[in-house]
Each structure stands twice: as structure tokens, then as C-alpha cells.
Amino acid sequence: METVKFTRRTGLVGAAAGGLALAGVRTANAPEAVAAEVVSGEPGGEITLFGFDQVSIPFVQNLKVEMRTPTKHPANPVVPLGSSGQPDSWAAQFYGSVIKVGSTYRMWYCAVGDERDELGGRPEWWKVAYAESTDGVTWTKPNLGLVTYRGNTNNNLVAMDPGIGVLNVKVLHEPDDPDPDLGYKMAAHVYWDNRGNSHGTLAVFGSPDGLEWTSLTGITPVDYMLEESDLVLPALHAEPVGGLYKWRGNYYLSGQNANPSVRPYHGRVSRGWISGDFVSWSQTNVMSFARTAQHTLLGAGRSREGEQQHEGVSVWNRGNVLLGTYGLWHGAAGWDDVTIDLGFVISNDGVNFREPAHEFTFLERGGLAAPLPEVVNPSFEDLDGGWPVAWTLDPPPRGQTAAANTEQAHTGSLSLRVENAAGTPIAVRSDRLPAVPGSEYTASMWVQTESGTPAQLFLEFFNASGSRIHYQFVQPAASGTWQQVSVSATAPAGTQKLDVMVYGTTAAGGVSFHDDITVVNEDAVPPPADWDQGGLLQGQGFEHVGDQTFVYYGAWDPRTSDDPEPRAARGGVGIAVLPKDRFGDLVVDLRAEGSGEYQIPEVTSEFLTATVSLGARPSAPDFFVNAEGLGTNATLRLELLDDNLTPLAGYSGANAAVVSTNGFRTPVVWPGTAALPERIRIRGVFAGDDNTTIKLSAVYIV
């Protein structure tokens, strides 16, 4: 057989012609570890092979996965808290769902109004609210007229029959259900009375329109909580409604609880429950996802601590694969230090989830308000080599000294001692701080005089090039006791920075002590903190809007959990935005290329999919790729093989498809017209001298 050399340029045409197997893949008649077969969730349904899905694309050579981080939509929060008197004034909590029905985006979320502060946080105050949108960004809270709240029905609350407190809600739309009253299905995290404690569990509801809901199990709540006799799940605390999805004929819940598993785990892990009819649910559950750190047991009484997952997985069912977000819980002993980001997972079997990239943070929580500029080390307590940190001494002439001193202190144990001789100046400056032109600033210091004339306090302004463009100063009067002096000035046009300076003038000598130096922007109003600071919540809302993918999420700052009543409000709904379906990519990895001991002079970057089950069909399906970075010298070369890796005539070798056009769904065209076998594989090469620019996000089979 003729030897075929793999290079970035030749790609797979020669390989297919020679019948070669990929490096690391056994020949067709040799035993092989078979990856999971890729099957559409519905007969004839679309199949998506994501570039980061290492089950659907298990075989790769000189390629690596790079995940993408979305941006936060500038309109966030797109569903804010309601105003006083509305049912979501305290919480518009996106433990909820977004579903597009026709041309309308429909949202269900959990709401609490002013009565939370007035009467305390009892389960009855948690309600289900509704919003809708025509573009996925601008949302309205329609007046549904279904529920009496504060004496009237002018609100956006959905009707729950019977009434019950709902902390977390997920909705499915199944218009083909033969029972029209089950066109919408709701799984609700509700409370039950566990020996006087309000613990979590599941309740299920159905609706013909998504607005008026009826219990499917005939519950009879007491004080808006279930009695033990009405439980659907075992009588243990569970938070089971982080996600709700249907997978190959069965319904699944994803949530959290810390009850014993077949192996011990620390803290909150993802649990799954299964049902065949949505009404009766398994009394068993599966541990479907735990983070690596949760294999280390921290012991009893430390449930808040450590890295954990929060509230299970909110799921996007893509037919043959599930994508999802979950809470990246960063634990601590006290609530004041607990924070939550969002992670990202994938499942190919509907039960077990995994991270495509280890400990990948999909979306970070927002930050606190940016602090106003303030002098660093204002009282000279922090020293480095004996000199105050963040202060600079101008090179002094002979006879001038400045140093940290323990003889006198206004606060703490240190101050700055300045000794100055007439005719020669000395200056000690703070680090420069950001300043805003037109704003008025006031600098202050405490000063005590030992002898002569004390050093002055200067406020100096600098432009972008670092030149001083303005200053103002104050000369303290001599005093044997501590006194405070201040100087104010308006930053001129062109100001970028300011500092404060302790200055021993040339006009007079003296010894003085200086402490607690501050600067204040008199015009500044602290900017508001990010609406999603502290913690994020995964809701079940994933939608393609134009050329973008929207991932809806919520906010809850767990650091407020120990606040005294009335506690801080929570919630709002935001959007994380990605280019359409570009959650992550396969990209070229050249680490094996070179002259090193474990390298080769030139590498080929290629992949081979798992078996894809197409089923019997008279003609080939349509294939598309979602990719960028393509061009004349950066192409994807794709060929089709049967399940045993035999290249298919008309779809391989010289007939391999070449894709050189960027797009979210760029067609893949082969000259072959013969019907494909029921089970195929796709083999691809990132070809061309510029192949390092290629990013392959997904392959679609329609």
C-alpha cells in the first residue's frame, strides 16, 4: 500500500483513498471501544454534534476544546423587581422557565411582594408570576386578572389550584399531548410540614394555557404547604426543580439534596428523578453530577462550606444531547462569604452530566460598586523596609528628613514625622488616584507641631501625560496638639489623576507629625452595585434570537441571608449572550508540532465522531457546520464513513466536502447521491496553512 503523509495541507483525501485508519483508532476488523451512539431524541429529528462534546466527538488529534464565556446583555435586568405594591417587589426570582410559543416568548418565575417584609418569609408569600415578550429582551408583565393580591386582580400572577407556596418552578410545553389540559406541565418546588419544619419537595400541575394551573395529584395544602400524605417524593427534604425535561419518552427532574448516595459526597450535589407519566415519580434518585471538590468530605455541620453545586441543572434539550447550567457554589462558614457563579455541563444519556472543561465558569456573578478613590495607607501604619507603603519621598537635600515615627500618633501607633530646614523643601506624596475633571475634591490631614512651622498639605492634579496642571495647599498653624486641616480644589479640564502631598516649604523650618490623610470627591455619588452581585441562579431559559443565543439567568446574593429583617430584596432576570450555538469550539492544537523529543515536524489536526444513527431513509440528510475562521487557506475537509470506518463512495477521498465559508449553518455538500447507511461517522480535518484560525462550534444533521 502506498504510504500517505498527513500534513495540514493534504488533509484526509489521501488517507481516505489509502483506506487508512486515524492514529489512535483501531482498524475496522479489530476490537474497538465503542463510544456512545449518537441518536436523535425523536425519529427523524435534528442531531447536533457540538465541538466540545467529547462523547459525540471522542476521537481527536491535535485539536483542543476552548469554551466561550457569554457577555451580559446591556439591558439587564430585562425583568426587574416590581415597584412597591406589586407582587414581585421583593423578589422576581428566576427559578423559572422561558419558552417560545409561536412568536411570543413566555416566562414563568417566582415572586414575592412587600408582604415579605411586613409579615415574614412564610411559604404562602411565594407565588408564580408571568411575563411575555416579542423579542426576548423587552418584557411586559401582563394584567392577567386571575389572582387577588392586595385587594385586586390587577397583577401578573398565574392561578394555582389549590394555592401553595412555590419557590422554584419549571414549565414544559407539550401541545401534542392528547389531553388539552396537559398542554403545559409544571413542576414546582413547594414546602411540606416536616415535624414543624418547612422542607422542600415536589408538586406537579397541568394547564391548557400556561396561566391557570391545576394539581395533578389532588393535593390539599394546609397553610400553603403540603401534608406528608400528599408527597410525591419520599419524605425527605429535597429541592428537586432546578431543571425539568423530557428525554426519550420519560420525564426527568434535576435538583439538589444532600441525602446519602452510593458514595459519600460533600454538600449539595445534583440529583435526578424520573417519571413515565409526569404524575408518579421514582422514589429513588440518581446522583447525576458532583464537582471534584465534593469527593473530599468536610464533615458534619459544614454544609455551607467548600466548592459545591447549587440547585441541580437547568436543561436545554437539543434532541440528542442535553446542555445545562448549574450553580457554582463557593462556600464559606458564614453566609457573608458565600457566593455563586454559573457552571456549564452536558449529558448524552439524559441522566449523567459532566463538565466539558474542568471547573469552567460559564458566567460570573456581578461585582460590588466600584469604591471611590481613597488614599492608600492614610495613617502610615503599613511599612515596607521601614518606609510607609504607597508613599513616595522626593529625594531630600541634606538636613531634610521624613520617616515613620512612633513618638506621636493620631490613630494607631505610627505617624509621619517631617523635619524641614529653611531654604530647602521636602515632599512626601501619596500614590496617584483617579480624578474626574470638574469635580471638587477635599484633602484633609491631622497635624501636630513639635517646633517651628509645620509642613503643608497639598492637593495636586495631573493630566494624562503625568504633568501637574493645578494645585492648592493649606498651611497649618503651629499647635502642640493634634488638629485637622483641609484644602479643597476643583479638578481642571484634562485632569486624569490627583495626589496629596505633605510639603515642608523652603520659607521656614520646623518639625511636625502628620496622620490620617484623606481625600474626598465632594460631587461623587457611589455608582450602584451590579444588580447580579453576589450570586447567580440558573433558570431554564435558552433561546436562539437571530444570530445570538440567549441564556436567561437570575440573581440572589446569598451574603444577605443573615441580614436582619427586613432582608435585602432578591432577584431580577438577565440575559447572557453568545453567538448562536457557540458555547465552545474545537481548535487546532500545535503543541505536538516541532523538533522536541515528543514532537513531530508537522501535525494533522483531525477528528472522528462516534457512530451517528440516521435510521432508514431514502436520501441523505442535510449537513451543516457552525464555524468561523474559515477561508481559502483555512478549510474544514469532511468525509463520511460507515460504522466500521470504511470511507463511503461519493462522500470521501477526492469527494470529501470542503467548507471554507463562515456561518452558523453553512451547508456541507458532497457529490455523492447514494443513500447513506443507517449508521455513519464523520471524519474531518482542519486543513490549510492558516488552519489555526478555525473554530468549529457544531455540526448539524437535519
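Residues numbered from 1 in each chain as written. Predicted model: local features only at pLDDT ≥ 70, side-chain atom pairs only at ≥ 80, totals over all residues. Heavy atoms only, no water.

1. Thoughts on the overall build of the protein chain
The helix and strand inventory of the protein chain stands at two helices and 47 strands. Considered along the principal axes of its C-alpha atoms, the protein chain spans approximately 100 × 75 × 50 Å. Within the protein chain, the proportion of its 702 residues that are buried is 52%. Of the contacts formed within the protein chain by residues at least 6 apart in sequence, a portion of 69% connects residues at least 24 apart. A total of about 28,900 Å² of accessible surface is found on the protein chain, and carbon and sulfur atoms cover 50% of it. Within the protein chain, the 79 negative side-chain charges are centred at a point lying 5 Å from the centre of the 47 positive side-chain charges. (Helix = DSSP H or I, 4+ residues; strand = E, 2+ residues; numbered from the N terminus. Buried < 20%, exposed > 50% of the residue type's maximum accessible area, 1.4 Å probe, protein only. Contact = heavy atoms within 4.5 Å. Areas by Shrake-Rupley, 256 points an atom, 1.4 Å probe, with all protein chains shown as cover. Lys, Arg positive; Asp, Glu negative; His and termini not counted. Charge placed at Lys NZ, Arg CZ, Asp CG, Glu CD.)

2. Section: the sheet that holds strand E12 (residues 184–194)
Strand order in the open sheet formed by five strands is E10-E14-E13-E12-E11, and the pairing between neighbours is mixed. Each edge of the sheet is formed by a strand with only one pairing partner; in this case those strands are strand E10 (159–161) and strand E11 (166–173). Across the sheet, the mean angle separating the axes of adjacent strands is 30° when strand polarity is ignored. In this structure, strand E13 (residues 197–207) lies alongside strand E14 (residues 212–215), joined through two bridges in antiparallel fashion. For Phe-205, the partnering residue across the bridge sits in E14 and is Ser-215. (Pairing = 2+ DSSP bridges. Axes fitted to C-alpha atoms, helices over the stretch in contact; angles between N-to-C directions.)

3. A few points about the sheet that holds strand E18 (residues 286–289)
Here four strands make up an open sheet; going across it, the order is E15-E16-E17-E18 and the pairing antiparallel. One side of each edge strand has no neighbouring strand; the edge strands of this open sheet are strand E15 (239–247) and E18. Neighbour-to-neighbour, the strand axes of this sheet turn through a mean angle of 35°, independent of strand direction. Two strands pair when backbone bridges link them, and strand E17 (residues 269–275) and E18 are joined in this way by three bridges, in the antiparallel orientation. Its bridge partner lying in E18, Arg-271 is registered against Met-287.

4. Observations regarding the environment of His-173
You can see His-173 is positioned in strand E11. Separated by 37 residues in the primary sequence, His-173 and Gly-210 place their C-alpha atoms 8.4 Å from one another.

5. Quick notes on the packing of aromatic side chains
Applying the stated criterion to the full structure yields 27 aromatic pairs. Measuring from ring centre to ring centre gives 6.0 Å for Trp-108 and Tyr-184, while their planes differ by 55°; the resulting arrangement is tilted. Taken together, the residues Trp-108 in strand E7 (residues 104–112) and Tyr-184 in strand E12 connect sequence positions 76 residues apart. Judged by relative accessible area, which is 0%, Trp-108 ranks as buried. Ring geometry for Phe-344 versus Phe-362: centroids 5.4 Å apart, planes at 25°, classification stacked. Of this pair, Phe-344 sits in strand E21 (residues 339–347) while Phe-362 is found in strand E22 (residues 361–363), placing the two residues 18 residues apart along the sequence. Ring pairs connect the aromatic residues Phe-50, Phe-52, Trp-316, Phe-344, Phe-362, Phe-542 and Phe-583, which therefore count as one cluster. Across from the ring centre of Trp-90, 4.7 Å away, lies the NZ or CZ of Arg-116, which sits over that ring. Directly above the aromatic system of Tyr-700 lies the positively charged group of Arg-665, at a separation of 4.0 Å from the ring centroid. (Phe/Tyr/Trp six-rings, centres within 6.5 Å; stacked < 30°, edge-to-face > 60°. Lys NZ or Arg CZ within 6 Å of the ring centre and 35° of its normal.)

6. Considering the layout of surface pockets
For the largest pocket, the calculated volume is near 1,100 Å³. If you trace the largest pocket, you find 36 residues lining it, with Glu-42, Leu-172, His-173, Lys-246 and Asn-317 closest to the centre. When residues of the lining of the largest pocket are traced back to their parent elements, those giving at least two are strand E6 (91–101), E11, E15, strand E19 (307–317) and strand E36 (536–545). Examining the composition of the lining of the largest pocket, we find that five residues originate from one element, E36, more than from any other. (1 Å grid on protein atoms, 1.4 Å probe; cavity = no way out; pocket = protein on both sides within 12 Å on 5 of 7 lines; lining within 4 Å. Points joined across faces, edges and corners; volume = space filled by probe spheres on them.)

7. A short note on unusual backbone geometry
Here the amide bond leading from Asn-76 into Pro-77 is cis, since omega sits at -10°, within 30 degrees of zero. Position of Pro-77 among the secondary structure elements: in the loop between strand E5 (71–72) and E6. Between Asp-161 and Pro-162 the backbone carries a cis peptide bond, its omega angle lying at 0°. Structurally, Pro-162 is set in the loop between E10 and E11. At Arg-150, a position not held by glycine, the phi torsion is positive, near 55°. In this fold, Arg-150 is placed in the loop between strand E9 (139–140) and E10. Positioned with a positive phi, Phe-380 is a non-glycine residue whose angle comes to about 65°. When you line up the elements, Phe-380 lands in the loop between E22 and strand E23 (383–384). Assessed through its relative accessible area of 0%, Phe-380 is described here as buried.

8. Looking at the nonpolar core
Core analysis: the largest hydrophobic core is formed by 33 residues, its most contacted members being Phe-607, Phe-623, Leu-640, Ile-682, Phe-686 and Leu-696. If you list the elements that add at least two residues to this core, you get strand E2 (47–50), strand E39 (584–588), strand E42 (623–628), strand E43 (635–642), strand E44 (657–659), strand E46 (679–687) and strand E47 (695–701). Dropping the residues within four chain positions of it, Phe-623 is found in contact with Leu-640, Thr-666, Pro-667, Val-668, Trp-670, Leu-676, Ile-680, Ile-682, Tyr-700 and Ile-701. Judged by nonpolar contacts, the second largest core, of 32 residues, contains Tyr-191, Ile-219, Met-225 and Leu-231. (Core = buried A, V, L, I, M, F, W, Y, C linked by side-chain atoms within 4.5 Å.)

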